[in-house]
Amino acid sequence: MTIQCKVKSIKPLASNTYQILLHPETPVAFKAGQYLMVVMGEKDKRPFSIASSPCRHEGELELHIGAAEHNAYALEVVEAMQNALVTGSQIEIDAPHGDAWLKEDSERPLLLIAGGTGFSYVRSILDHCIAQKRQSAIYLYWGARDESQLYAKSELSDIAAKYQNVHFVPVIEDVDADWQGKVGNVLQAVNSDFESLQEFDIYIAGRFEMAGAAREQFTQQKKAVRERMFADAYAFI
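This text gives an overview of the structure that appears in the document. Predicted, not measured: the structure shown is a model, and the values here were computed from it.

1. Structural notes on the overall build of the protein
Here is step 1 of the chain: Of regular secondary structure, the protein possesses 5 helices and 12 strands.
Here is step 2 of the chain: Against the compact-globule benchmark of 18 Å for 237 residues, the protein has a radius of gyration of 17 Å, which places it among compact chains.
Here is step 3 of the chain: C-alpha atoms of the protein, sized along the principal axes, occupy 55 × 45 × 35 Å.
Here is step 4 of the chain: Within the protein, the proportion of its 237 residues that are buried is 50%.
Here is step 5 of the chain: Excluding contacts between residues fewer than 6 apart, the proportion of contacts in the protein whose partners are at least 24 apart in sequence is 69%.
Here is step 6 of the chain: Accessible surface computed for the protein: about 11800 Å², of which carbon and sulfur atoms make up 46%.
Here is step 7 of the chain: Charge separation in the protein, taken as the distance between the mean sites of 23 positive and 32 negative side-chain charges, equals 4 Å.

Take a look at the structure:
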């Protein structure tokens with residue numbers, strides 16, 4: 001379904017990463033973990049995860065878009081959003097999309113894995129779980145190049161401190177002397193922390209290569225159930 005949206009605000013979250021709030025003309029019913037498509041042309045629709053949760057978005061849709069200079073695909077969308085904000089014009093979206101939404105009928109523990117701005121996908125799922133008072137264990141692993149890219153690190157640390165069933169593990173590749181957390185690849189961190197993933201529902205957002213590697217590694221080495229691993233990438237690989 002295509003919907004016209006006002007761009008309510010654009011804020012930097014980190015270097016080349018932006019939070020964009022859209023206000024759709026009509027409410028968008030979606031599930032935690034789904035995505036929308038920004039319509040750039042008749043045959044040009046670009047997907048972005050919805051960072052807001054379906055139970056607490058109050059009619060607004062939140063996006064987190066990483067738009068470095070070399071990433072024209074995302075940068076052009078941010079520029080279109082900025083133009084719409086300045087001129088008061090509208091942005092067209094097509095939503096909702098995606099089959100990797102939170103399976104609310106499952107009581108299995110959750111493993112949420114994000115690379116970079118893939119965090120927006122797991123943020124929607126985590127926030128929805130908290131709002132619904134889900135009691136099963138939730139582990140969120142977020143990998144980034146450096147600490148500055150973990151723009152919600154303090155928020156997630158606070159959530160983990162408040163809710164006993166939520167565990168947050170940040171993982172970065174480039175560290176400085178002050179870093180106290182895990183270093184390296186986010187999948188390596190998961191592999192080292194769990195003997196078995198057989199009982200988990202696993203939700204993954206990141207590059208296709210990461211999602212593919214996770215499915216291969218976890219099913220072969222950690223007894224993960226292939227049918228209980230969810231990622232938008234799995235519709236294509």
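Alright, that's what it looks like, and here's the rest.
2. A look at the packing of helix α4 (residues 186–193) against helix α5 (residues 208–221)
Here is step 1 of the chain: Where α4 meets α5, the axes come as close as 10 Å, and the angle between the chain directions of the two elements is 15°. When the axes of α4 and α5 are compared, the pair comes out roughly parallel. Between α4 and α5 the crossing geometry is right-handed. Only Met210, Ala213, Ala214, Gln217, Phe218 and Gln221 of α5 make contact with α4, whose side of the interface consists of Val186, Leu187, Val190 and Asn191.
Here is step 2 of the chain: The residue makeup of the contact of α4 with α5, split by class, is 7 nonpolar, 3 polar and no charged.

3. Here we look at the packing of helix α2 (residues 119–131) against helix α3 (residues 153–162)
Here is step 1 of the chain: Following both chains from N to C, one finds α2 and α3 inclined at 30°, their axes separated by 13 Å at the closest point. Judged by the angle between their axes, α2 and α3 are roughly parallel. Relative to α3, α2 is oriented so that their crossing is left-handed. Mapping the contact onto sequence places Phe119, Arg123, Leu126 and Ile130 in α2 and Glu155, Leu156 and Ile159 in α3.

The rules behind each value
- All residue numbers refer to positions counted from 1 along the written sequence of the respective chain.
- Reporting in this predicted model follows two pLDDT cut-offs: at least 70 for local features of residues, and 80 or more for side-chain atom pairs to be given and counted; totals over whole chains, interfaces and linings ignore these cut-offs and use all residues.
- The side-chain numbers reported here are obtained from all heavy atoms of the structure, hydrogens and water having been left aside.
- Only DSSP runs of H or I reaching four residues or more are called helices, and only runs of E reaching two or more are called strands; each is numbered from the N terminus.
- Our radius of gyration looks at C-alpha atoms and nothing else; its globule reference is 2.2 Å times the residue count to the power 0.38.
- Throughout, exposure labels follow a simple rule: accessible area from a 1.4 Å probe, protein chains only, divided by the maximum for the residue type, with under 20% read as buried, over 50% as exposed, and the rest as partly exposed.
- Any two residues whose heavy atoms approach within 4.5 Å at even a single point are treated as in contact.
- Surface exposure here means Shrake-Rupley accessible area, sampled with a 1.4 Å probe, where a residue is shielded only by the protein chains that are shown.
- The convention is simple: Lys and Arg are positive, Asp and Glu are negative, and His and the chain ends are not counted.
- By convention, the point assigned to a charge is CZ for Arg, NZ for Lys, CD for Glu and CG for Asp.
- Interaxial angles span 0 to 180 degrees and are taken between N-to-C directions of axes, which are lines fitted to C-alpha atoms, for helices over the stretch in contact.
- Under this scheme an angle from 65 to 115 degrees is roughly perpendicular, one under 35 degrees roughly parallel, and one over 145 degrees roughly antiparallel; angles in between are oblique.
- Crossings are sorted by hand: turned counterclockwise from the far helix by less than a right angle, the near helix makes the crossing left-handed, and turned clockwise it makes it right-handed.
- In this count, Pro and Cys sit with the nonpolar residues alongside Ala, Val, Leu, Ile, Met, Phe, Trp and Tyr, while Asp, Glu, Lys and Arg are called charged and the others, Gly among them, polar.

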